[in-house]
Amino acid sequence: MTTAPLPATVKGLEGIVAADTRISHVDGEAGELIIGGYAVEELAGRATFEEVCHVLWHLAMDGKADLPTQAQLDALRQEMAALRTLPPLVLTIIKAAKDAPPMDALRMSVAALSLDDPNPKDESMAGNLRRAKTLTARVPTIIAAHDRARRGLDPVGPRTDLPSAANFLYMLHGKEPDPHAARALDTYWATVIDHGMNASTFTARVIASTQSDMVSAVTGAIGALKGPAHGGAPGPVLDMLLGIQTVDRAEQWVRNELAQGRRIMGFGHRVYRVRDPRAEVLSRAAREMIEAGGGDKALYDMATQVERIVLRVLEEEKPGRQIKTNVEFYTALVLQSIGLRPDQFSSMFAAGRVGGWTAHILEQLANNRLIRPLSAYVGPRGLKYVVKGR
Ligand code: ACO
């Protein structure tokens, strides 16, 4: 008996639609990004991170894209602020992981956040929404505490009177946050909160689809985000800019990288064939930060010129591939402008994206079906159990 042939394998699942979602949409040809029904340009710089979290979580659960009323926003802020404090065991893990890279420390610490779940058996939507708020509230606390542990400093406990981005900067530096830096970080988190069926979001949905728990799904997503093909690029972008040093060296530097078979960080995308719309939004946020007296104007000016040179060289060396600027290029400049170091950039990305991951998990659970694709077997068959030399 012959079995029906399988459809052709799609390497990298390119072009495969894995879910219906209301959370975000990416049109890579048009350069359009919709987050919770709003164009990214409409939200960025206006809506706070917590407002966008509210929109995405409610869209996931009941399909409504309403911005929160002031009373709802105040209530959400208070609730999330009260959830920021970490259980003592997580602080112990952070100390033990003080020499680990920030993404590894974040993954280990998030994995332990199930320990003080007041009701781990509660699989209701309300229970999972509370977990979404807890995870989103605590990721910045973990990142700040780990950064301080690396510097030999004790953690600074969260404040309840500050919004998420401002509180993060307070916990990091232990002093009143600069309002311009808090605004730039808030814009960054609101901009990167979600982005279609990217690798980490898919990971989160796959784990959720097995009816595992939200902490496991977010822990897996952090692992997926860590790689340089996904969220690991902005640190190397800054290293690249610092390595180039001056604009007149940029062209030779880029040509040399390409000749060695290396990729230019901050350029190229699986979906976008035009400039990533987030690049513009974040370029503006970095510029505003510089105008407010922060950041490094010389570096920003150099980056804008390097961007043009890289695009021209890529067009010459990789004709027809449509490799354009991606979100990571200006992420590097925004995060650098608020005083963060390159090896913290991926975990900062996770602190924004956790809002989107948790929304996708809620959406998956609201209409779940186990995600279980097939594989095409190309290995040997019919081997006999005969071990050589026996
Ligand atoms: N520099 C040089 N060449 C590139 C780049 C780049 N940044 N990106 C793609 N290419 C080339 C490839 O070498 C390949 O060339 P070839 O046809 O001569 O072999 C061609 O473009 C197509 O590349 P693919 O690997 O098929 O593209 P894919 O969709 O898999 O890559 C990716 C997307 C991984 C993001 C890639 O562009 C890349 O590595 N960029 C650099 C790292 C980076 O910026 N990552 C952040 C991505 S944004 C995000 O996830 C948040």
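Parameters at a glance
Residues numbered from 1 in each chain as written. Predicted model: local features only at pLDDT ≥ 70, side-chain atom pairs only at ≥ 80, totals over all residues. Heavy atoms only, no water. Helix = DSSP H or I, 4+ residues; strand = E, 2+ residues; numbered from the N terminus. Rg over C-alpha atoms; globule rule 2.2 N^0.38 Å. Buried < 20%, exposed > 50% of the residue type's maximum accessible area, 1.4 Å probe, protein only. Contact = heavy atoms within 4.5 Å. Areas by Shrake-Rupley, 256 points an atom, 1.4 Å probe, with all protein chains shown as cover. Lys, Arg positive; Asp, Glu negative; His and termini not counted. Charge placed at Lys NZ, Arg CZ, Asp CG, Glu CD. Pairing = 2+ DSSP bridges. Phe/Tyr/Trp six-rings, centres within 6.5 Å; stacked < 30°, edge-to-face > 60°. Lys NZ or Arg CZ within 6 Å of the ring centre and 35° of its normal. Salt bridge = Lys/Arg side-chain N within 4 Å of Asp/Glu carboxyl O. Core = buried A, V, L, I, M, F, W, Y, C linked by side-chain atoms within 4.5 Å. Near = heavy atom within 4 Å. Polar contact = N/O pair within 3.5 Å; in protein donor to acceptor, adjacent residues only side chain to side chain. Nonpolar A, V, L, I, M, F, W, Y, C, P; charged D, E, K, R; others polar.

A. Summary view of the overall build of the protein chain. Scanning the protein chain from terminus to terminus reveals 16 helices and 3 strands. Over its C-alpha trace the protein chain gives a radius of gyration of 22 Å, about what one expects of a compact globule, namely 21 Å for 390 residues. Taken along the three principal axes of its C-alpha coordinates, the protein chain extends 75 × 60 × 50 Å. Taken over 390 residues, the protein chain has a buried fraction of 48%. Put simply, of all contacts in the protein chain between residues at least 6 apart along the chain, 76% involve residues at least 24 apart. Summed over all atoms, the accessible surface of the protein chain reaches about 18900 Å², with 53% contributed by carbon and sulfur. Where the 46 positive side-chain charges of the protein chain centre and where its 44 negative ones centre are 8 Å apart.

B. Structural context of the sheet that holds strand E1 (residues 24-27). Spatially, E1-E2-E3 is the arrangement adopted by the 3 strands of the open sheet, whose pairing is antiparallel. In this open sheet, the two strands that pair with only one neighbour each are E1 and strand E3 (38-39). As paired strands, E1 and strand E2 (residues 32-35) are joined by 4 bridges and run antiparallel to one another. Along E2, the bridge assignment pairs Ser24 with Ile35.

C. View of the pairing of E2. What you see with E2 is a clean split: Leu33 and Ile35 sit on the buried side and Glu32 and Ile34 on the side with no burial. Hairpin remark: E1 followed by E2, antiparallel, with 4 residues in the connecting loop; positive phi at Gly31, about 70 degrees. With 2 bridges joining them, E2 and E3 adopt antiparallel strand pairing. Within E3, the position partnered with Ile34 by the bridge is Ala39. Counting the residues between successive antiparallel strands, the hairpin from E2 to E3 contains 2 residues, one of them, Gly36, with a positive phi of roughly 55 degrees.

D. Looking closely at the packing of aromatic side chains. Per the counting criterion, the structure on display carries 5 aromatic pairs. Considering the side-chain rings of Phe49 and Trp189, the 5.5 Å spacing of their centres and the 55 degrees angle between planes classify their relative orientation as tilted. Linking Phe49 in helix H2 (residues 49-62) with Trp189 in helix H8 (residues 179-192), this pair joins segments that are 140 residues apart in sequence. Taking the centre distance of 5.1 Å and the plane angle of 80 degrees together, the rings of Phe329 and Tyr330 count as edge-to-face. Side by side, Phe329 and Tyr330 carry an identical accessibility label, which is buried. Ring-pair connections join several aromatic residues into one group, and the members of that group are Phe267, Tyr300, Phe329 and Tyr330. Its guanidinium or amino end placed over the ring of Tyr170, Arg159 lies 4.8 Å from that ring's centre, counting from NZ or CZ.

E. Expanded view of the environment of Ala65. Note that Ala65 resides in the loop between H2 and helix H3 (70-82). What Ala65 contacts, discounting residues up to four positions off in sequence, is Gly36, Tyr38, Val55 and Leu59.

F. Looking closely at the pattern of salt bridges. The final tally for this structure, using the stated rule, is 27 salt bridges. For Arg159, the salt bridge goes to Asp161, with nearest N and O atoms at 2.9 Å. On the accessibility criterion, Asp161 (52% relative accessible area) is exposed. Members of the salt-bridge network, linked through shared partners, are Asp147, Arg150, Arg151, Arg341 and Asp343.

G. Looking closely at the nonpolar core. Membership of the largest hydrophobic core comes to 108 residues, with the highest contact counts inside it found for Phe168, Leu185 and Tyr188. Here Tyr188 is in contact with Leu282, Thr331, Val334, Leu335, Phe345, Met348 and Phe349, once residues within four sequence places are set aside.

H. Seen up close, the site of the ligand. As a structural note, the neighbourhood of the ligand is formed by 21 residues, with Arg263, Ile264, Phe267, Arg270 and Arg321 the closest of them. A distance of 2.8 Å is found between a nitrogen atom of the ligand and a backbone nitrogen or oxygen belonging to Ile264. Asn326 is positioned with one of its side-chain polar atoms (N or O) 2.8 Å from an oxygen atom of the ligand. A class-by-class count of the residues in the shell around the ligand yields 11 nonpolar, 5 polar and 5 charged.

I. Spatial organisation of the environment of Pro87. Considering the arrangement of structural elements, one finds Pro87 in the loop between H3 and helix H4 (88-96). With a relative accessible area of 11%, Pro87 lands in the buried category. The spacing of Pro87 and Asp116 is 29 residues in sequence and 6.9 Å in space, taken between C-alpha atoms. Once residues within four sequence positions are removed from consideration, Pro87 is found in contact with Leu113, Asp116 and Arg138.

J. Highlighting unusual backbone geometry. Despite not being glycine, Gln245 has its phi angle at roughly 70 degrees, a positive value. You can see Gln245 is positioned in the loop between helix H11 (234-244) and helix H12 (250-259). A residue is classified by how much of its surface remains accessible, and Gln245, at 54% relative accessible area, is exposed. The phi torsion at Gln322 lies on the positive side, around 55 degrees, for a residue other than glycine. Mapped onto the elements of the fold, Gln322 is located in the loop between helix H14 (297-317) and helix H15 (327-337).

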